[in-house]
Amino acid sequence: INLSYTDIGDYGMEALSEFLYSDNAALKTVDLSFCNIDSQGFLSLCHGLRTRNSRGLPPIEALVLAGNTIVNDVGKQLGSAISSTRTKHHKRKSGHDASPSSYSNSSSEGIKLLHLGSTSISMKCLTELLVALGPTCPLQELKLQSNRIGPIDAAILVKFLEGKSDNGLPVLPKLNRLDMSYNELGDVGTTKLTRAISKRSKVHMTEVSLSGNDMGSKGIESIMNKLLQHKLITLNLDNNSIGDQGCQLVAASLRSIPSLHRLNLAFNDIGCRGIATLMRSLVGCESITSLGLSGNVMRVSGAIAMGFTLAQHPRLSVLELDNCCLSQVAQCHIAAGIISNRWVPMKVMHGFRAGPPMVAIGALEIMAQHFTNEECFRLRRDIQMKTLLQWMESNRNASSSDRRTLTNDLLSGANESTGAPSQSAYLRMLDWLGRIPFDESELMDLRKYFYDVSGGEGDQKSGSNLKHRGDILSALASDVVEEILDSEPLAYSDDDATIGLDLSVSDDTNIKVGDPSSKAPPEVRMPLSADCMPKSESEMGEMYGASIEVRGKSDTSSLRMDDWNGFANRSSSKALQRNSVSSLSMNMGRSGSNSTHSRSEASTRSDSIQYKARITMFPEFAAKLDNLKAVAQEMMDNELDPVQQDVIAQQFAEASLTILRQLRYHCMESGLDGWRQGKLRRKVLIVDDSIVTRKMVARAFEKANFIVDTAENGVEGVNKMKESIYDIAFMDIDMPVMNGFDATKALRMWEDSVRPGARQPICALTAAHVDDFDRDELMKFKDAGLDVMESKPCNIPRLFKVVDDVSPMFSDLSINAIQHSDEGHIDMVTA
């Protein structure tokens, strides 16, 4: 019964009290939130609960009293009434002829959820209420949010939770969900509370909510250290001030909490460094299904890290990104990561509409830009399901060569020889990168990452210097360049890595821009092979997968370099002289870090330390960038039209940045900066009503590095196969609710109507021996839509062989006739 926000008051509670002890044995939950109930109303509630149990009716299991003021003289009576509910019911069941087992079963009956949020309850009143419940109360969930408990009163609650009952068990032995949000606990109160939770080692906490308690990194350190031993499923830490350091502590602990499904870190002042650390950890934490990061400003670097993680994570289906100030480019990176995932598990995303960025990169038709996020994800999931069938066909005669390692030849290629997308989420991600436009934020981020000697961790001064270089790059071929250089000369470090528009200066020479005493060295160009020399501007634009078009032919979705920094009114009437191009030195790696305080201190401590830019780790790619630079210079030398020279410069810049963008993802895929390498893995579903079978088969597949989901009946299994993609599903035939035949038929009918052309492979598990079946029985399985049959009890090696035969990832078996395989399973006709 739900009477929340009805303002029934004390008079209404008298009528409800009579209803509580009337003949309504099915009543389990009473919600009285914000009903303006005072002391007299609570006394009426206590009377109703006592009378209900004196008449032998089942006890109330959930009581919600949020938003009603509970004074001191009510707490003890309310706790006693709830406790008497359980006690009297036990007495009724435990007569002279009652067995001990019946009493033990009834001991779990009683209040299981108690919601006391926003009740202004004092700690004295709360303690009296909890004590009156009794030490063996079966309470499982206690909500105390928004009561301004504070760190001092929290110590009283901690003392109660650390208590023991007469049999040595902790008080409230079944309490596993605790909500202490918005109670001004701070780091001190949080530390005390988590200490009490850690001492309850025999009771595993599954849900802890500590939102809005003004916690910092110290409080987070205490929480994560104390909760590692618990099997947490939900952890809410939103609306605190944990910052990057606290987020890094959470990320470091995730792999030690394999049961965690939902994590909420919204509105915590987390920056790009904390987001990147969290994303690195999530790649190896596959249990997370819901992640909340709303209210944390996310720049492009954080979106890139998130996109890479979303492309790899097998289960993340709910993502909260409200109020994250995401730019269009950041949205494109996130959307590209979602659709690059092999299984496309994303179902709910808040924060921005996924349709426009998916349309912008060509993942959906233009009419889909007005679809809801759920519809966009469903469309991409259906497309991916059809791609699985393409992989199955293409892998039948495929060689065993491994294409997971990125080479220069594969930098821009992400398709199989048959035209189907690559089976590697990483290579599919690379395919989308050339379609994502650039903006100034990503431009600066790439330069910091590859050419700052601090590895992209420079200070604000270094960042402004990079912004200065970005202005120069965008102002190419205009008089603004000279003005910028005259007013703010560039500062350099000792690193010799160069990129950008240094089209003629040797990499080995350090020349300062605007210095008349500096002599230009002879031109040094790397030899160009015939196969890499572009013959035209369009060929140069496509050289490394860059999506570049000549100005005047580009569509509205293309972004030009001059639009990034506000130089929209560029004068193309000024002729671009080769002298000015040759004298323009864009040494992107020279970030001026020697002038910063931190670098000065580091240099003082150790003069022998030489900081090198990250680009020096990839000489082959650096050589390709220099090669591209030489190509652009030669094309500009042979072009007399200043407008076309300007176009060539833009194409060169965008092609170079596209290479750096792809190389950035290559660094993550290769495990640099702490990233875990993404791997090709398979995902299976086990549908069986036997918990023993589910656990045994799931454990075997998980040890073999599979991703495993389970369902206990046909209805649950069909729902999971509708929402997710699996390489194969193992379906038990004899199950309650819905058997395997009916479940498979229901799924096939849904596939024919909703996603025609896509088919989920299903292997039947039956207790009968498959070799004893005649043709009529086999046709029964075929008509239901099953692909393969296996006998129970399950033979694990044979199940592995079934996966290898049917899974689209490594399948080499052509299923075109009914046949008895040598391994003992039967493949059904699919054609």
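The structure this text deals with has already been given above.
Since the structure is predicted, the reported quantities are computational estimates derived from the model, not experimental observations.

A. Layout of the overall build of the chain. When you go through the chain residue by residue, the secondary structure sums to 29 helices and 18 strands. Per-residue burial over the chain gives 55% buried out of 831 residues. Contacts spanning at least 24 positions in sequence make up 79% of the contacts within the chain whose residues lie at least 6 apart. Of the roughly 35300 Å² of accessible surface on the chain, a fraction of 49% belongs to carbon and sulfur atoms.

B. Structural context of the pattern of salt bridges. A complete count under the given rule lists 20 salt bridges for this structure. The residue Arg-315 makes a salt bridge to Asp-709 at a minimum N-O spacing of 2.9 Å. Linking Arg-315 in the loop between helix H11 (300-312) and strand S10 (318-320) with Asp-709 in strand S13 (residues 707-711), this pair joins segments that are 394 residues apart in sequence. Here Arg-315 matches Asp-709 in class, with each residue buried. Put simply, Arg-748, Glu-751, Arg-755, Arg-759 and Asp-787 are held in one network by salt bridges that share partners.

C. Inspection of a positive patch on the surface at higher detail. Taken together, Lys-231, Lys-695, Arg-699 and Lys-703 make up a surface patch of like positive charges. Its relative accessible area of 71% is what places Lys-703 among the exposed residues.

D. Seen up close, the packing of aromatic side chains. Counting across every chain of the model gives 10 aromatic pairs. Seen from their ring centres, Phe-308 and Trp-675 are 5.2 Å apart, and the 80° between their planes marks the pair as edge-to-face. Of this pair, Phe-308 sits in helix H11 while Trp-675 is found in the loop between helix H24 (642-669) and strand S12 (683-687), placing the two residues 367 residues apart along the sequence. Under the relative-accessibility criterion, Phe-308 is labelled buried at 2%. What makes Trp-675 buried here is its relative accessible area of 7%. Positioned above the aromatic ring of Tyr-449 is the side chain of Arg-614, whose terminal nitrogen or guanidinium carbon lies 3.9 Å from the ring centre.

E. Main features of the packing of helix H5 (residues 123-133) against helix H6 (residues 150-161). Where H5 contacts H6, the two axes come as close as 10 Å, and the packing angle between them is 10°. Accordingly, the angle class assigned to the pair H5 and H6 is roughly parallel. For the pair H5 and H6, contact is made by Met-123, Leu-126, Thr-127, Leu-130 and Val-131 and by Asp-153, Ile-156, Leu-157 and Phe-160, respectively. The class makeup of the residues in the contact of H5 with H6 is 7 nonpolar, 1 polar and 1 charged.

F. Just helix H27 (residues 740-754), in detail. The end-to-end C-alpha distance of H27, which contains 15 residues, comes to 21 Å, matching closely the 21 Å that a straight helix rising 1.5 Å per residue would cover. Among all positions in H27, only Gly-740, Phe-741, Ala-743, Thr-744, Leu-747, Arg-748, Trp-750 and Glu-751 are buried. As for H27, its buried residues are in contact with helix H26 (714-723), strand S14 (728-732), strand S15 (762-766) and helix H28 (775-784).

G. Focus on the state of the cysteines. Summed over all chains, the structure comprises 0 disulfides. Of the cysteine sulfurs around Cys-324, a residue in no disulfide, the closest is that of Cys-325, at 7.5 Å. Its sulfur unpaired, Cys-794 is 8.6 Å from the next cysteine sulfur, which belongs to Cys-763. Among the residues examined, Cys-794 registers a relative accessible area of 13% and is labelled buried.

H. How the structure looks around the side chain of Ser-222. Within the element layout of this structure, Ser-222 appears in helix H8 (residues 217-226). A polar contact of 3.0 Å, which involves the side chain of Ser-222, links it to the side chain of Thr-194.

I. Broad picture of the layout of surface pockets. Estimates place the volume of the largest pocket at around 1000 Å³. Lining the largest pocket are 34 residues, and of these Ser-287, Arg-315, Glu-702, Val-708 and Asp-709 lie nearest its centre. Elements represented by at least two residues in the lining of the largest pocket include exactly helix H25 (691-703), S13 and H26. No other element matches H25, which puts 6 residues into the lining of the largest pocket. Residues belonging to the lining of the largest pocket are distributed by class as follows: 12 nonpolar, 7 polar and 15 charged.

Conventions and cut-offs
- Residues numbered from 1 in each chain as written.
- Predicted model: local features only at pLDDT ≥ 70, side-chain atom pairs only at ≥ 80, totals over all residues.
- Heavy atoms only, no water.
- Helix = DSSP H or I, 4+ residues; strand = E, 2+ residues; numbered from the N terminus.
- Buried < 20%, exposed > 50% of the residue type's maximum accessible area, 1.4 Å probe, protein only.
- Contact = heavy atoms within 4.5 Å.
- Areas by Shrake-Rupley, 256 points an atom, 1.4 Å probe, with all protein chains shown as cover.
- Salt bridge = Lys/Arg side-chain N within 4 Å of Asp/Glu carboxyl O.
- Patch = residues over 30% accessible without salt bridge, like charges linked within 9 Å, V, L, I, M, F, W, Y side chains within 5 Å.
- Lys, Arg positive; Asp, Glu negative; His and termini not counted.
- Charge placed at Lys NZ, Arg CZ, Asp CG, Glu CD.
- Phe/Tyr/Trp six-rings, centres within 6.5 Å; stacked < 30°, edge-to-face > 60°.
- Lys NZ or Arg CZ within 6 Å of the ring centre and 35° of its normal.
- Axes fitted to C-alpha atoms, helices over the stretch in contact; angles between N-to-C directions.
- Parallel < 35°, antiparallel > 145°, perpendicular 65-115°, else oblique.
- Nonpolar A, V, L, I, M, F, W, Y, C, P; charged D, E, K, R; others polar.
- Expected span 1.5 Å × (residues − 1).
- Disulfide = S-S within 2.5 Å.
- Polar contact = N/O pair within 3.5 Å; in protein donor to acceptor, adjacent residues only side chain to side chain.
- 1 Å grid on protein atoms, 1.4 Å probe; cavity = no way out; pocket = protein on both sides within 12 Å on 5 of 7 lines; lining within 4 Å.
- Points joined across faces, edges and corners; volume = space filled by probe spheres on them.

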